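These are the residues of each chain, in order.
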Amino acid sequence: MKSGKKRELSNTKLLGIAGMGWMFDAMDVGMLSFIIAALVAEWSLTPGQMGWIGSINSIGMAVGALIFGLMADRIGRKNVFIITLLLFSIGSGASAFAGSLTVFLIFRFLVGMGLGGELPVASTLVSESVPAEKRGRIVVLLESFWAGGWLIAAVISYFVIPSIGWQAALLISAIPALYALYLRIGLPDSPRFAAVKTKEKSSVLHNLTQLWSKEYSRQTAMLWIVWFCVVFSYYGMFLWLPSVMVMKGFSLIKSFEYVLIMTLAQLPGYFTAAWCIERFGRKFVLVVYLTGTAASAYFFGTADSTALLMTAGILLSFFNLGAWGGLYAYTPEQYPTLIRGTGAGMAAAIGRIGGVLGPLLVGYLVAQKYAVSTIFTIFCISVLIGALAVFLLGKETKKQELV
């Protein structure tokens with residue numbers, strides 16, 4: 001009984017330490033959507049330039065997910081965890097001092113690298129450190145810290161950006177991340193990685209080719225499709241939310257207020273997904289929540305009243321972030337320990353390509369005067385393709401022991 005209690009405390013501590021870094025990452029990404037809206041006025045940005053701010057973040061995330069995912073299978077999950085958060089913190093703080101769009105984009109690339117590397121490695125570390133019967137729930141709860149970060153970002157953006165400026169908001173987001181970095185130094189590495197540490201490591205090329213071997217090609221195809229579709233739609237929709245609200249006729253302050261309300265719906269989205277994932281399985285959560293995301297995106301784009309817009313926006317946050325939680329729980333379970341970091345990192349990297357294209361596509365379509373309804377219908381279809389990939393190609397991994 002005592003050892004069970006000790007393990008439970010250990011799981012809670014791991015969740016708290018990993019989750020804090022996750023939360024500060026979300027703060028930065030969340031504030032970026034508000035900062036883009038603020039920079040339009042200050043730097044007279046075109047829709048295309050607005051799209052590039054979101055996309056350069058995702059380019060960095062793709063590079064970071066690839067490089068640090070590979071590194072996680074070589075030098076350990078914990079070491080990569082620390083490196084990525086340090087890179088993220090430095091880039092985020094430095095971007096507050098950018099005096100031009102070019103300099104800002106360079107720092108956002110560094111932020112993206114840290115963020116892109118950290119998220120799949122964090123979920124891998126937590127997956128490998130908790131018992132099989134609780135693994136899905138705990139990883140979804142880890143992802144729920146993202147909603148907390150977005151909520152804090154929305155509050156800071158609402159009160160800080162209009163009165164003090166976007167630079168102060170970025171500095172606020174960078175400082176707490178250094179505390180999370182301090183906490184991680186004492187974090188033990190994954191016990192599963194430690195168990196294989198003494199074995200001869202395969203080369204990076206061997207690990208990459210293993211992903212498309214007969215044994216893992218189905219899982220890899222499924223993950224790459226769903227990651228691309230989910231990230232493409234998420235960054236296309238959520239980075240543009242405050243700006244879309246302005247396009248629909250709301251003031252900048254009012255759009256921040258409405259997005260803050262929508263952000264609150266992310267928390268019950270995560271918590272219900274965490275409850276469902278150990279009862280009904282990973283595939284159930286992903287297919288149901290992705291289908292709900294697609295329907296919400298369609299109704300958000302076609303909403304012609306404030307009530308319908310808010311309802312659709314709340315449901316969009318609820319289903320989309322619940323699906324994200326399921327995806328982070330499901331991804332590390334597809335591969336064995338020796339290639340788990342590589343597999344999770346590559347899936348995330350492919351997804352980030354979608355994250356590059358999503359905001360750029362919105363910027364282009366807005367510049368070409370396409371209706372918001374058309375833009376969100378594209379994202380609706382994208383999410384449905386991801387749900388179909390999981391339904392047809394995915395294998396259930398509930399309570400399955402990792403190897």
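So, how was this worked out
- Counting of residues starts from 1 at the beginning of each chain's written sequence and follows it residue by residue.
- For this predicted model, a pLDDT threshold of at least 70 governs which residues receive local features, and a threshold of 80 or more governs which side-chain atom pairs are given and counted, while totals over whole chains, interfaces and linings are taken from all residues.
- Side-chain measures were taken over the full set of non-hydrogen atoms in the model, leaving aside hydrogen atoms and water.
- We count a stretch as a helix when DSSP gives it H or I for four or more residues in a row; a strand needs E for two or more, and each element gets its number in order from the N terminus.
- Radius of gyration means the value over C-alpha atoms here, while the globule rule gives 2.2 Å times the residue count to the 0.38 power.
- Here the term buried applies to any residue with accessible area under 20% of the maximum for its type, exposed to any over 50%, and partly exposed to those in between, with areas from a 1.4 Å probe on protein chains only.
- Accessibility throughout is a Shrake-Rupley quantity obtained with a 1.4 Å probe, and a residue counts as covered only by protein chains that appear here.
- The charged-residue count follows a simple rule in which Lys and Arg add positive charge and Asp and Glu add negative charge, with His and chain termini not counted at all.
- We put the charge of a Lys on NZ, of an Arg on CZ, of an Asp on CG and of a Glu on CD.
- Definitions used throughout: a 1 Å grid over protein atoms alone; a cavity as a set of points that fits a 1.4 Å probe which cannot get out; a pocket as an open set with protein on both sides within 12 Å along at least five of seven lines; a lining residue as one with an atom within 4 Å of a point.
- Grid points are joined across faces, edges and corners, and a volume is the space filled by probe spheres set on the points.
- Under the grouping applied here, Gly and all other residues not named as nonpolar or charged are polar, the nonpolar ones being Ala, Val, Leu, Ile, Met, Phe, Trp, Tyr, Cys and Pro and the charged ones Asp, Glu, Lys and Arg.
- Throughout this description, the term nonpolar core refers to a set of buried Ala, Val, Leu, Ile, Met, Phe, Trp, Tyr and Cys residues connected via side-chain atoms within 4.5 Å.
- In what follows, a contact means two residues having at least one pair of non-hydrogen atoms within 4.5 Å.

J.: Explanation requested: the overall build of the protein in the structure shown.
T.: When helices and strands are counted, the protein shows 16 helices and zero strands. What you see for the protein is a C-alpha radius of gyration of 20 Å, in line with the 22 Å of a compact globule of 403 residues. Counting only C-alpha atoms and orienting by the principal axes, one finds that the protein spans roughly 60 × 45 × 45 Å. Counting the 403 residues in the protein, one finds 60% classified as buried. Here the protein has roughly 14800 Å² of accessible surface; of this, 70% comes from carbon and sulfur atoms. Side chains of the protein give 30 positive and 18 negative charges; the mean places of these two sets differ by 5 Å.

J.: What exactly am I supposed to notice about the layout of surface pockets here?
T.: In this approach the atoms are scanned with a rolling probe the size of a water molecule, which exposes any empty space left behind. Put simply, the largest pocket is a space of about 220 Å³. Take the lining of the largest pocket: its biggest share by element is five residues, from helix 1 (residues 2–43). The residue makeup of the lining of the largest pocket, split by class, is six nonpolar, four polar and two charged.

J.: Explain the nonpolar core here, please?
T.: The nonpolar side chains of a soluble globular protein tend to be buried, and buried together. Counting residues in hydrophobic clusters, the biggest one holds 127 residues, and the most contacted among them are Ile53, Phe104, Trp146, Trp227, Phe300 and Phe376. A total of 17 residues in this core trace back to one element, the largest contributor, which is helix 1. Beyond its immediate chain neighbours, meaning those up to four positions away, Phe104 contacts Leu32, Ile35, Leu39, Trp43, Ile53, Ser95, Ala98, Trp166 and Leu170.

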